[in-house]
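Tertiary structure, described
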Amino acid sequence: MVLDYMLSRQGNATEGAAACLQYGFSKLGFHDVYSFTADVNKPSKKVMMKIGMSFIKMFSHPKVEKDSPLNKHVLFHIKQK
């Protein structure tokens, strides 16, 4: 998903992510949801935390070159309440 820069920082990503979680839990029967992003992607990490996801671990993405700033990723999780 790519958001236009003019729409960024208005809560749209958080609102959309929360709606996706709700749909996954209520309509698709998910019990757990995991999400990951590059560690340098601070806005995405902030969204994950805002919607109640918990940090699990940091890992090196196997498909990203080891010397790339995008190699280090973070994994988040949320369980259905």
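In the block above lies the structure referred to throughout.
The numbers attached to residues start from 1 for each chain and follow its sequence in the written order. Residue-level local features of this predicted model are given only where pLDDT is at least 70; pairs of side-chain atoms are given and counted only at 80 or more, and the full residue set underlies all totals for whole chains, interfaces and linings. Excluding hydrogens and water, the side-chain values take into account all heavy atoms of the structure.

1. Some remarks on helix α2 (residues 42–50)
Given 3.6 residues per turn, any residue in an α-helix points the same way as the ones three and four places further on. Put simply, the rule is: Residue exposure (1.4 Å probe, protein chains only): buried if accessible area is under 20% of the type maximum, exposed if over 50%, otherwise partly exposed. Helix numbers and strand numbers start at the N terminus; a helix is a DSSP run of H or I with at least 4 residues, a strand a run of E with at least 2. The arc in question is formed by the directions pointing from the helix axis toward the C-beta atoms. By definition, residues are in contact when any of their heavy atoms lie within 4.5 Å.
Where α2 is concerned, the buried positions are K45, V47 and M48. Angular distribution of buried residues about the axis of α2 spans 155°; they occupy a single face of the element. Exposed and oriented more than 90 degrees from the buried face of α2 are K42, M49 and K50. Those residues of α2 that are buried lie in contact with α1 (12–26), β1 (32–38) and β3 (72–79).

2. Some words on the environment of K72
Rules: Any N or O atom pair separated by 3.5 Å or less is treated as a polar contact, with the protein-specific requirement of one donor-capable and one acceptor-capable atom, and with residues adjacent in sequence counted only for side-chain atom pairs.
For K72, the position within the fold is in strand β3. Within the local environment of K72, its side chain forms a polar contact with the side chain of S60, the two groups lying 3.0 Å apart.

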